[in-house]
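Per-entry structural report
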Amino acid sequence: MIIKKTNAADIEALMDIRLEMLKVVNNLDENATFENELIEKSREYFLKGDQTTVFAMEDDKIAGCATLSYITIMPTFSHPTGKRAHLMNVYTRKEFRRQGVGRLMIQFLMDEAQKRGVTEISLDATEMGHPLYKSLGFNENNEGMTISLKK
C-alpha cells in the first residue's frame, strides 16, 4: 500500500471518492444526488484550500482517502504557533477495510502536520472510527462547544 499526496490532476478521482464516502457514511442510496453547491465547494476546496489530501493506493486502485485541513488561530500558551488542523474525509473502501489503510493515511497526515508546525489535530469521528483514532493517541475532548449557523 502506497500513500500518495493528491494534486490538481487528481480532482475527478477526489470528487468521486468524496461523494462515495458521503453516501456510505450517511447511509444514502448509491444513486443519491447532491446539491450543486456541495459539489462545487468541495471541488474548489480540493483545488485551492489549505489542506493535504492523500490516497491510499494498491497498484493503480484507490483504497481510501483522508484530508487534513489546516487552520490558523490566534496563538495561545498551549499552541504558540496558532497552527492547528482538522482531520476529515477519512474513508477506506469496503474491500480494503481492516487492513490498516486508515492508520497508514492518518499517520502520514500526522507526520505532515508536524512538519508544518501544527500543534493540535481535531476530528469528528464516526462510531466505527473511534477505536482507530484512540489507538493512534487521539483523546475524547469535552472542552469545546459549537453552534450551527446554517439556515
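This write-up is about the structure you can find in this document. Because the structure is a prediction, the values reported are computed rather than measured.

Quick look at the overall build of the protein chain
- Within the protein chain, the regular secondary structure consists of four helices and five strands.
- Its helices and strands taken in sequence order, the protein chain reads β-α-α-β-β-β-α-β-α from the N to the C terminus.
- Radius of gyration (C-alpha) of the protein chain: 16 Å, near the 15 Å computed for a compact globule of 151 residues.
- Across its three principal axes, the protein chain shows a C-alpha extent of roughly 45 × 40 × 30 Å.

A look at the pairing of strand β3 (residues 61-72)
- For β3, the tally of buried residues reaches nine of 12 residues, placing the bulk of the element in the interior.
- Adjacent in sequence and paired antiparallel, strand β2 (residues 51-58) and β3 are bridged by two residues, among which D59 carries a positive phi angle near 60°.

Here we look at the side chain of T52
- With respect to the helices, strands and loops of the structure, T52 is situated in strand β2.
- Since its relative accessible area comes to 6%, T52 is described here as buried.
- Side chain to side chain, T52 and Y70 meet in a polar contact 2.8 Å long.

Here we look at the sheet that holds β3
- Taken in spatial order, the five strands line up as β1-β2-β3-β4-β5 in an open sheet, and their pairing is mixed. Of all strands in the sheet, those bounded by a partner on one side alone are β1 (2-5) and β5 (120-123). Neighbour-to-neighbour, the strand axes of this sheet turn through a mean angle of 25°, independent of strand direction.
- Here four bridges tie β1 to β2, and the two strands are oriented antiparallel to one another.

Digging into the nonpolar core
- L68, L87 and M105 are the most contacted members of the largest nonpolar core, which has 19 residues in total.
- Residue assignment for this core shows that the elements contributing at least two residues are β2, β3, β4 (83-92) and α3 (101-115).
- In terms of residue count, α3 provides more of this core than any other element does, five residues in total.
- Residue contacts for M105: discarding those within four places in its chain leaves I3, V54, A56, G64, C65, A66, Y91 and T92.
- Among the nonpolar cores identified, the runner-up in size contains 15 residues, and L14, M15, C65 and Y91 belong to it.

Quick word on unusual backbone geometry
- A positive phi is found at N27, a non-glycine position, where the angle reads about 55°.
- Residue placement: N27 occurs in the loop between α1 (11-25) and α2 (36-48).
- The backbone phi angle of D59 is positive, close to 60°, even though this residue is not glycine.
- Within the secondary structure, D59 sits in the loop between β2 and β3.
- Owing to a relative accessible area of 74%, D59 belongs among the exposed residues under this scheme.

What about α1?
- For α1, built from 15 residues, the straight-helix expectation of 21 Å at 1.5 Å per residue is met to within 8% by its first-to-last C-alpha distance of 21 Å.
- On its buried side, α1 packs onto α2, β2, β3 and β4.
- Looking one or two places after α1, you find N27, whose phi comes out positive at around 55°.

Side note on the pattern of salt bridges
- Tallied over the full model, the rule gives nine salt bridges.
- Across the pair D10 and K4 runs a salt bridge, and its minimum N-O distance is 2.6 Å.
- Under the relative-accessibility criterion, K4 is labelled partly exposed at 29%.
- A salt bridge links K61 to E95; its shortest N-O distance comes to 3.0 Å. Of this pair, K61 sits in strand β3 while E95 sits in the loop between β4 and α3, and the two are 34 residues apart along the sequence.
- We classify E95 as partly exposed; its relative accessible area is 45%.

The rules behind these values
- Residues numbered from 1 in each chain as written.
- Predicted model: local features only at pLDDT ≥ 70, side-chain atom pairs only at ≥ 80, totals over all residues.
- Heavy atoms only, no water.
- Helix = DSSP H or I, 4+ residues; strand = E, 2+ residues; numbered from the N terminus.
- Rg over C-alpha atoms; globule rule 2.2 N^0.38 Å.
- Buried < 20%, exposed > 50% of the residue type's maximum accessible area, 1.4 Å probe, protein only.
- Pairing = 2+ DSSP bridges.
- Polar contact = N/O pair within 3.5 Å; in protein donor to acceptor, adjacent residues only side chain to side chain.
- Axes fitted to C-alpha atoms, helices over the stretch in contact; angles between N-to-C directions.
- Core = buried A, V, L, I, M, F, W, Y, C linked by side-chain atoms within 4.5 Å.
- Contact = heavy atoms within 4.5 Å.
- Expected span 1.5 Å × (residues − 1).
- Salt bridge = Lys/Arg side-chain N within 4 Å of Asp/Glu carboxyl O.

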